[in-house]
Amino acid sequence: MDFREFLKSNTVYLDGGMGTLLQKRGLLPGELPERRGVTHPEDVIEIHREYFQAGSNVVSTNTFGANSLKLDDEELEIIIKAAVDNARIARDTSGTDGEKFIALDIGPTGRMLSPLGDLDFEEAVEVFAKTVRLGVKYGVDLIIIETMNDSYETKAALLAAKENSSLPVIVTNAYGEDGKLMTGATPAAMVAMLEGMGADAIGANCSLGPKQLTGVIRELLRSASVPVVLKPNAGLPRYENGETVFDVTPEEFSSDISALMTEGVRVVGGCCGTTPEYISALVRETKNIKPAPLSDKNMTVVSSYTHAVAFGEKPVLIGERINPTGKKRFKQALLEKDIDYILTEAVNQEERGAHVLDVNVGLPEIDEREMLTLCIKELQAVTALPLQIDTSSPVAMESALRRYNGKAMVNSVNGKAESMAAVFPLVKKYGGVVVALTLDEGGIPSTAEGRVKIARKILREAERYGISKKDIIFDTLAMTISADTGAARVTLDALERISRELGCKTSLGVSNVSFGLPNRDTVNSTFFALALDRGLSCAIMNPYSAEMMKVYYAYKALSGLDEMCAEYIESAPEFTVSEPTVPASAGGVAQDFSSELQRAIIKGFKEKAAEITAELLKQVKPLDIVNGEIIPALNTVGVGFEKKTVYLPQLLTSAEAAKSAFECIKSFMAKDGESDVKIGSVVIATVHGDIHDIGKNIVKLLLENYGFKVTDLGKDVPPEKVAEAVKNEKAQLLGLSALMTTTVPAMEKTIELVRSTSHDCKIVVGGAVLTEEYAKMIGADKYAADAMETVRYAESVCK
């Protein structure tokens, strides 16, 4: 049976852990588990066979870390071929009945994608594509992308799978205790993006046990129209008698998952610490639970790298200011590639209350594809808002959609056959909510009936491409009433009919209605109120307009969408301000900016931070800038990160802005013969056998910006090299990281060696497989759950 068919009507049992079982069979610290399929195939075959015999329908190949970043092309093919052969032998010799499938297992690369890291998105896609092509070549039945903690890398892997195969794809992400990915995405945001791109099942794996993942799973179930996957760890790890053990028994594990299966989970298995015994217990516990029927949640949703925005619950405001039409200064910024000006417009609109930002950079004098793609990339580094990609160029649209981190709005398609043929394939491939203009080859109909007719035509054509009406928002085209006094009525009548008769969401470019009239804000805001009353879902508007914002907050209060009128009361003082002179809020960080430099650092404006620093150096001492401006700004963002109101990308962009200010100070001091003062020496490394260095690199960036001297030994570092560096650098602090359970023994060995040679050095450890208890057991002084906790500990150690 084809796996997609099996998935439709059955509970699917996946397998469990691999690494810890290989350790019990002799896997050495620092040895790549994937190579065991070549050197010790009998061990891998035995593990796979035991999972099939325990009741697994799907066994994943031993290829979690097999990619071209750590293996050359020849070895990569040898390992993947062996992995598929081993799984096939296990399946054929398992001696059990039932459907059995082989999945190509794909894990993260271990590197952060640009702009937060050094791995380009297209390079990441190609890394995953090489693995996918080999899996297809050697005959896997499906692909499982798992343990991804970054939405952007998840997108790269799924895109590679879709572009290089027609196989079913399951995608599971590793969520933290806060219910989000490391880079900030909520489960609803991941569902929006992954469903939009065509994933066959979506879920969570690793990091936590089944009880701790309950909140994540319930959010996935509320959002997803495809089967939901749960593949948790066997609880939390600890170290006993030289071995890693976990605190949830097979019986507890299966009972906890059983409860979630009754709520709708359809695909289940285990991750770190689980064994065939866990899968066998799970099958016994749940074999009589009937698979919950799937239902289309019928939600119109866009997303950024952090959160989803749903249309229909409350009116959505789309900021219109990133657009050169009628904006001389913005045109100049595009021509001069003044990205900071564009970023400032984005941040200001976010601070004024926009929920989505329209991005239009269309000028005949520039390369629109290049500029649009650049702007999308840079904007997503400074704002967490979803973006609307606004272009009439299919080439520019595809480039921006491909690079967009999330599920974008697309502006626009229309009823012309040429437009639909160009836009719908892009929306189908990359996902998106597309704005559909009610015009076609005959122009813009003068009647509401004519516009509704075009809307029906667009829906029929979209269905041919597999695009649901929930992913189409109709714009019934606000025309200027100065040219036709009946224009507004026709627009509103069409809007109401599309909402009521077709069940679709609607959008308007509100300000078009007042073109050529005096006191445009009055006309715009009144029209906005009328449209909201007719069922308008979202509006492209000017969030700097006090009149428009008054209507928005008043409408919500009057419609029962603002509990106790709280938002209306809170926003009332802003109604006296029409243009942003100072920020009104800052997306999670305090707004008491004591200087423009602090604002530039907090908002992540690298060029502006350097420019302001250069000016300050003309009258302020370098160390006074560091201690009075840069460190306080970093602390503001750091506190927001610790309180979970600021996300990792914001933390990193602020750190990069601080770095640009520091570089300016360093150059100034070097000219005067001064040297910058370091407050402590820190050595950091990813332990032997582990090539995942994202966490380490984040720690390095932050520590350097706080003034520490950091010696970065890189990844896969032998214990002897670490001990030597700590001794030579007279380090006060050593930081070690590990992502994989199989590399924790190497961390313990490293700690033992450092203790024997550098008695005064404190040791802090971090990584997805570690806990505070686990860290103590292997001899560390401190477990840090995130980068900011490491910084705080370093400050206490290096006083």
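The model shown is predicted, which means the values in this text are computed figures rather than measured ones.

What follows is about the overall build of the protein chain. Counting its regular elements, the protein chain contains 30 helices and 25 strands. Computed over the C-alpha atoms, the radius of gyration of the protein chain is 28 Å, within 12% of the 28 Å expected from 2.2 N^0.38 for a compact globule of 799 residues. Overall, the C-alpha framework of the protein chain stretches about 80 × 75 × 50 Å when taken along its three principal axes. Per-residue burial for the protein chain yields a buried fraction of 60% across its 799 residues. For the protein chain, the share of sequence-separated contacts (at least 6 apart) that also reach a separation of at least 24 residues comes to 75%. Here the protein chain displays about 30,400 Å² of accessible surface, and carbon together with sulfur accounts for 50% of that area. On the protein chain, the mean spot of the 87 positive side-chain charges and the mean spot of the 111 negative ones are 3 Å from each other.

Strands sit in the order S1-S10-S7-S6-S5-S4-S3-S2 across an open sheet of 8 strands; the sheet is parallel. Two strands close off the open sheet at either side, each with one partner strand: strand S1 (12-13) and strand S2 (58-60). Relative to strand S10 (residues 267-268), S1 runs parallel, the two being bridged by 2 bridges. If you follow Val12 over to S10, its bridge partner there is Val267.

Moving on to the domain arrangement of the protein chain. Each assigned domain of the protein chain is listed here: domain 1 (3-286), domain 2 (302-571), domain 3 (590-671) and domain 4 (681-797). Relative placement of domain 2 and domain 3: their C-alpha centres are 34 Å apart. Each partner contributes to the interface: domain 2 provides 10 residues, whereas domain 3 provides 11 residues. For the pair domain 2 and domain 3, the summed buried area comes to about 980 Å², and 53% of that belongs to carbon and sulfur atoms. The three residues of domain 2 that bury the most area against domain 3 are Tyr305, Asp340 and Val382, which together make up 40% of that side's buried surface. One can count 2 salt bridges joining domain 2 with domain 3.

Put simply, helix H7 (residues 151-164) and helix H15 (residues 394-403) touch, their axes get as near as 10 Å, and they point 120° apart. Classed by the angle they form, the pair H7 and H15 counts as oblique. Between H7 and H15, the residues in contact are Tyr152, Lys155, Leu159 and Glu163 and Leu401, Arg402 and Arg403, respectively. Residue composition of the contact of H7 with H15, by class: 3 nonpolar, no polar and 4 charged.

Another aspect to go through is the sheet that holds strand S24 (residues 762-766). If you walk across this open sheet you meet the 5 strands as S22-S21-S23-S24-S25, and the pairing is parallel. Of all strands in the sheet, those bounded by a partner on one side alone are strand S22 (709-712) and strand S25 (782-783). Sheet topology places strand S23 (residues 733-737) next to S24; 5 bridges connect them, and they run parallel. Directly across from Gly735, in S24, lies its bridge partner Val764. Against the sheet, helix H26 (residues 694-705) contacts strand S21 (681-686), S22 and S23, and its axis sits at roughly 160° relative to S22. Against the sheet, helix H28 (residues 744-757) engages S23 and S24, with an angle of about 170° to S24.

On to the nonpolar core, then. Of all hydrophobic cores here, the largest spans 187 residues; its most connected members are Ile145 and Ile630. If we ignore the near neighbours within four places in the chain, the residues touching Ile630 are Leu597, Ile601, Ile625, Ala658, Ala661, Phe662 and Ile665. Within the second largest apolar cluster, 29 residues are counted, among which are Val726, Ile763, Val765 and Leu770.

Okay, unusual backbone geometry next. Geometrically, the link from Ser114 to Pro115 is a cis peptide bond, its omega value of 10° lying close to zero. Within the secondary structure layout, Pro115 lies in the loop between strand S3 (101-106) and helix H6 (121-137). Here the bond from Asn411 into Ser412 is cis, since omega is 15°, no more than 30 degrees from zero. Relative to the elements of secondary structure, Ser412 occurs in strand S16 (residues 409-414). In this structure, Thr147 is a non-glycine residue whose phi angle is positive, near 60°.

Each full turn of the α-helix corresponds to 3.6 residues, which orients residues three or four apart in the same direction. Every buried residue of H15 is listed here: Ala396, Met397, Ser399, Ala400, Leu401 and Arg402. As for H15, its buried residues are in contact with H6, H7, helix H14 (368-382), strand S15 (387-390), S16 and helix H16 (417-430).

Most of helix H8 (residues 187-197) sits inside the fold, with 10 of its 11 residues counted as buried. Among all positions in H8, only Pro187, Ala188, Ala189, Met190, Val191, Ala192, Met193, Leu194, Gly196 and Met197 are buried. Phi for Gly198, located one or two positions after H8, is positive at around 100°.

Take the pairing of S15 next. The alternating pattern of S15 places Leu387 and Ile389 on one face and Gln388 and Asp390 on the opposite face, and all of these are buried. The sheet contact formed by strand S14 (residues 356-359) and S15 spans 3 bridges and is parallel. When the sheet's bridge partners are listed, Leu357 is paired in S15 with Leu387. Running through H14, the crossover from S14 to the neighbouring parallel element S15 is right-handed.

What follows deals with the pairing of strand S17 (residues 433-437). Walk down a regular strand and you will see the side chains alternate between the two sheet faces. Across the 5 residues that make up S17, a large majority, 5, are buried. Of the two faces of S17, the one lined by Val433, Val435 and Leu437 and the one lined by Val434 and Ala436 are each fully buried. Two elements, S16 and S17, share 5 bridges in a ladder whose sense is parallel. Paired with Asn414 across the bridge in S17 is Leu437. You can see the chain leave S16, run along H16 and come back into S17, and the turn it takes is right-handed.

Cut-offs and rules
- Residues numbered from 1 in each chain as written.
- Predicted model: local features only at pLDDT ≥ 70, side-chain atom pairs only at ≥ 80, totals over all residues.
- Heavy atoms only, no water.
- Helix = DSSP H or I, 4+ residues; strand = E, 2+ residues; numbered from the N terminus.
- Rg over C-alpha atoms; globule rule 2.2 N^0.38 Å.
- Buried < 20%, exposed > 50% of the residue type's maximum accessible area, 1.4 Å probe, protein only.
- Contact = heavy atoms within 4.5 Å.
- Areas by Shrake-Rupley, 256 points an atom, 1.4 Å probe, with all protein chains shown as cover.
- Lys, Arg positive; Asp, Glu negative; His and termini not counted.
- Charge placed at Lys NZ, Arg CZ, Asp CG, Glu CD.
- Pairing = 2+ DSSP bridges.
- Domains from an automatic or database assignment.
- Buried area = accessible area lost by both parts, 1.4 Å probe.
- Salt bridge = Lys/Arg side-chain N within 4 Å of Asp/Glu carboxyl O.
- Axes fitted to C-alpha atoms, helices over the stretch in contact; angles between N-to-C directions.
- Parallel < 35°, antiparallel > 145°, perpendicular 65-115°, else oblique.
- Nonpolar A, V, L, I, M, F, W, Y, C, P; charged D, E, K, R; others polar.
- Core = buried A, V, L, I, M, F, W, Y, C linked by side-chain atoms within 4.5 Å.
- Right-handed = clockwise from strand over helix to strand, strands pointing away.

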